[in-house]
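Inside the fold
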Amino acid sequence: MSALAQVQDAMLARILDEDLPLLPGWTPRHAAGLAVYRNNYRSALVEALRSTFERTARLVGEDSFERAAAHHVITHPPTSWTLDLAGEGFDATCAQLFAQDPEVAELAWLEWAMHRAFVARDAARLDGAGFAAATASYGDADWAGLRLRFVPGIALRTLRHDVKRLWSDRDAHLLEEVACCIVWREGERPVFQQVPLPEGEALSAMERGASFAEACELLSGLLGEDEAPAAAGAMLARWLAEGLVETLAQ
Amino acid sequence: MTSIAPFHGFGLGLRRTHYADFLEGDVPVDFVEVISENYMVEGGKPLRILEQVRAKHPVILHGVSLSIGSAHGMDHDYLAKLKALIDRIEPLWASDHLCWTHNSAHNSHDLLPLPLTREALEVVCENIDRAQTALGRVMLFENPSSYLTFPEDEMAEWEFLSEMARRTGCYLLLDVNNVHVSAQNHGFSAQDYIAGLPLDRVRQIHLAGHTPGEIVIDTHDREVCGEVWALYAETVARTGPVATMIERDDKIPPLAELLGELDHARALAAQRIAA
């Protein structure tokens, strides 16, 4: 390793960890300068987290958030050139630090998903008319193999709390049944929607590459064979109407 | 690779608080500088805003994460994204800093100082060559403010910058406030620093505020101070007309206040260059 690489590794290690001893030949004046860089490093990252997780900060209070953010910065030192990714995994940090209050991690997840959707790749949307035209000549085999590509930035997870109330009022209202939250971007605006768990599981499966027929089977298992076909049709129509689908997958 | 023609104008950094002013109004600036990384994204609103601002003003892309001083090499993903943004925006030029921001494992998200050694100079020149080749254009590099120097230093920062510009053909972005901050912190003469630079390679000047103290810190959170204005006046008297901008990144005031500071820069430059 070159001398420059050794100095850089040693300096960055001491910015990340203030308990490491000073480098040979460094004086208290160097320590004071290093402290400025360490403070810049920490404050830039904590500020980035505060900006991304504004609602989570309000939910837990400023002091608790500051401690959680500092913990995250120490346990997850950044590896990317972009500060945009500093919040990656912060929902898991919250799940660990606020284990008695699971709504904190749920809100942090939602804020992170909205943050990522905000700058996701621009893409056209397949609407109902476009879908009808693209599938006009479909036979049974085509329908069985129908797969969808969803819009960039789409994210989903199961939640135990009402996300609308968490988002707008920071009110941790426990749902009667576990639901699913879907995040995507409409135009320039990230949006989210809470849907029943079966729809969330079907979307999750298709987002991972399952066919529509496989999603229908999954729904049959969850809702029963009588209810599943109508639910699947309604679900697909809603995804198209709300702009969740980019195109048919090849 | 192309050279960069001088651009004589006065500009401001585009900050989120002033988006509406720039999008809806007619802001009297000759150019707008943006932080490249804020727009090196896949899509969405930030790029739309930048394209709208670009339709009204020349734009300079100013980066903070190229890390030309890194002994661990360049980040190719970063360079590809910067190239895509350059192709999209067609800026007056792209700039970054004489610093390093990452090793092989982690990123500092701060502009870290380099030991001013011949080894570091080699690394910097190689990295600049790679970056300029990848981007297909020459860049500007800014002198950083710094809070420590290294026992292994072999030359002054202005000597390092001069040799870097000579070897790579890059241009300089001279941050007059950074010269003042580092001069205060390390006890050298700001005038000697400016005099030691190849001023014909300077294509842009940054002006900003700092926080005084035992260690002076480059905070960009207040107006330009009298000593920095005086150093700017001395500098433009030597460079002649040069693109000049005010940087403000924290405690950002209403746009009118920054335009007032920019008017002061215009007046000083006109007065000193005429003299």
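What counts as what
Residues numbered from 1 in each chain as written. Chains lettered and ligands numbered in written order. Predicted model: local features only at pLDDT ≥ 70, side-chain atom pairs only at ≥ 80, totals over all residues. Heavy atoms only, no water. Buried < 20%, exposed > 50% of the residue type's maximum accessible area, 1.4 Å probe, protein only. Helix = DSSP H or I, 4+ residues; strand = E, 2+ residues; numbered from the N terminus. Pairing = 2+ DSSP bridges. Right-handed = clockwise from strand over helix to strand, strands pointing away. Axes fitted to C-alpha atoms, helices over the stretch in contact; angles between N-to-C directions. Polar contact = N/O pair within 3.5 Å; in protein donor to acceptor, adjacent residues only side chain to side chain. Contact = heavy atoms within 4.5 Å. Buried area = accessible area lost by both parts, 1.4 Å probe. Salt bridge = Lys/Arg side-chain N within 4 Å of Asp/Glu carboxyl O. Phe/Tyr/Trp six-rings, centres within 6.5 Å; stacked < 30°, edge-to-face > 60°. Lys NZ or Arg CZ within 6 Å of the ring centre and 35° of its normal. Parallel < 35°, antiparallel > 145°, perpendicular 65-115°, else oblique. Left-handed = near helix turned anticlockwise from the far one by under 90°. Nonpolar A, V, L, I, M, F, W, Y, C, P; charged D, E, K, R; others polar. Domains from an automatic or database assignment.

Residue and element names in this part refer to chain B. With five of five residues buried, strand E2 (residues 31-35) is to be regarded as a mostly interior element. The alternating pattern of E2 places Phe-31, Glu-33 and Ile-35 on one face and Val-32 and Val-34 on the opposite face, and all of these are buried. Of the pairings in the sheet, the one linking strand E1 (residues 10-13) to E2 comprises three bridges and is parallel in character. Note on E2: the bridge partner recorded for Gly-13 is Glu-33. Crossover handedness for the path E1 to helix H1 (residues 19-24) to E2: right-handed. As paired elements, E2 and strand E3 (residues 59-62) share four bridges and run parallel to each other. Across the sheet, residue Glu-33 finds its bridge partner in E3, namely Ile-60. What joins E2 to E3 is helix H2 (residues 45-56), and the crossover it makes is right-handed.

A separate point is the sheet that holds strand E4 (residues 94-97) of chain B. Reading around the barrel, the eight strands line up as E1-E2-E3-E4-E7-E8-E9-E10 (chain B) and close back on themselves, with parallel pairing between neighbours. On average, adjacent strands in this sheet sit at an angle of 25 degrees to one another, irrespective of strand direction.

So, on to the environment of Arg-208 of chain A. Residue and element names in this part refer to chain A. Of note, Arg-208 is situated in the loop between helix H10 (197-207) and helix H11 (212-223). Judged by relative accessible area, Arg-208 falls into the exposed class, the value being 65%. Spatially, the C-alpha atom of Arg-208 lies 37 Å from that of Tyr-41, the residues being 167 residues apart in sequence. Of note is the side chain of Arg-208, whose polar atom sits 2.6 Å from the side chain of Ser-204.

The interface is formed by 39 residues belonging to chain A together with 46 residues belonging to chain B. Regarding the contact of chain A and chain B, the summed buried area is about 3,500 Å², with carbon and sulfur atoms giving 63% of it. Between the two partners, chain A and chain B, sit two salt bridges. Among the ionic pairs, Arg-48 of chain B bridges to Glu-188 of chain A, the shortest N-O distance being 3.8 Å. Between the two partners, chain A and chain B, sit 22 residue pairs in polar contact (both at pLDDT 80 or more). With eleven residues, the top contributor of residues to the side of chain A that touches chain B is helix H2 (residues 28-52) of chain A.

This paragraph deals with the packing of aromatic side chains. By the definition in use, this model includes 15 aromatic pairs over all chains. On the basis of an interplanar angle of 75 degrees and a centroid distance of 5.3 Å, the ring pair of Tyr-138 of chain A and Trp-143 of chain A is categorised as edge-to-face. Its relative accessible area of 25% is what places Tyr-138 of chain A among the partly exposed residues. By relative accessible area, Trp-143 of chain A is classed as partly exposed at 33%. Ring centres of Phe-150 of chain A and Trp-239 of chain A lie 5.6 Å apart, and the angle between their planes is 75 degrees; this geometry places the pair in the edge-to-face category. You can see Phe-150 of chain A sitting in strand E1 (residues 148-150) and its partner Trp-239 of chain A sitting in helix H12 (residues 228-241), a full 89 residues away along the chain. Exposure class is identical for Phe-150 of chain A and Trp-239 of chain A. Each is buried. An aromatic cluster of at least three residues, connected via ring pairs, comprises Phe-53, Phe-65, Phe-90 and Trp-112 of chain A. Lying across the ring of Trp-167 of chain A, Arg-55 of chain A places its NZ or CZ 3.8 Å from the centre. The residue whose ring lies beneath Arg-201 of chain B is Tyr-171 of chain B, and the NZ or CZ to ring-centre distance is 4.1 Å.

When two helices pack together, you describe them by how their axes are tilted relative to each other and by the distance separating the axes. Residue and element names in this part refer to chain B. Taken N-terminus to C-terminus, the directions of helix H4 (residues 118-135) and helix H5 (residues 157-168) make an angle of 40 degrees; their axes are 10 Å apart at the nearest point. Taken together, the axes of H4 and H5 lie oblique to each other. The hand of the H4/H5 crossing is right-handed. Side by side, H4 and H5 meet where Ala-120, Leu-121, Glu-122, Val-124, Cys-125, Ile-128, Asp-129 and Gln-132 of the first sit next to Phe-160, Glu-163, Met-164, Arg-167 and Thr-168 of the second.

With that settled, consider the packing of helix H5 (residues 90-97) of chain A against helix H6 (residues 102-118) of chain A. Residue and element names in this part refer to chain A. As a packed pair, H5 and H6 sit with axes 8 Å apart at the nearest point and diverge in direction by 175 degrees. Classified by the angle their axes make, H5 and H6 are roughly antiparallel. Contacts from Phe-90, Asp-91, Cys-94 and Ala-95 in H5 reach Val-104, Ala-105, Ala-108 and Trp-109 in H6. Classifying every residue of the contact of H5 with H6 by side-chain character gives seven nonpolar, no polar and one charged.

Let's shift gears to the pattern of salt bridges. The full count for this structure, using the stated rule, is 28 salt bridges over all chains. Arg-121 of chain A is paired through a salt bridge with Glu-246 of chain A; the nearest N and O atoms lie 3.3 Å apart. In this pair, Arg-121 of chain A sits in the loop between H6 and helix H7 (128-134) while Glu-246 of chain A sits in strand E5 (residues 245-248), placing the two residues 125 residues apart along the sequence. A salt bridge links Arg-130 of chain B to Glu-126 of chain B; its shortest N-O distance comes to 3.8 Å. Here the residue Arg-130 of chain B and the residue Glu-126 of chain B both occupy positions in helix H4, the gap between them amounting to four residues, near one helical turn. A relative accessible area of 41% means that Glu-126 of chain B is categorised as partly exposed. Members of the salt-bridge network, linked through shared partners, are Asp-122, Arg-185 and Glu-188 of chain A together with Arg-48, Glu-51 and Arg-88 of chain B.

As a further point, take the domain arrangement of chain A. Residues and elements named next belong to chain A. When the domains of chain A are assigned, the result is domain 1 (1-100) and domain 2 (103-250). Contacts between domain 1 and domain 2 engage 17 residues on the former and 15 residues on the latter. When domain 1 packs against domain 2, the two sides together hide about 1,500 Å² of surface, and 65% of this comes from carbon and sulfur. It is Arg-55, Leu-59 and Asp-91 that lose the most area in domain 1 upon contact with domain 2, and together they represent 41% of the buried surface on that side. Where domain 1 touches domain 2, the interface holds zero salt bridges. Seen at the junction of domain 1 and domain 2, the total is five residue pairs in polar contact (both at pLDDT 80 or more). Looking at the side of domain 1 that touches domain 2 element by element, the count peaks at six residues for helix H3 (residues 54-60).

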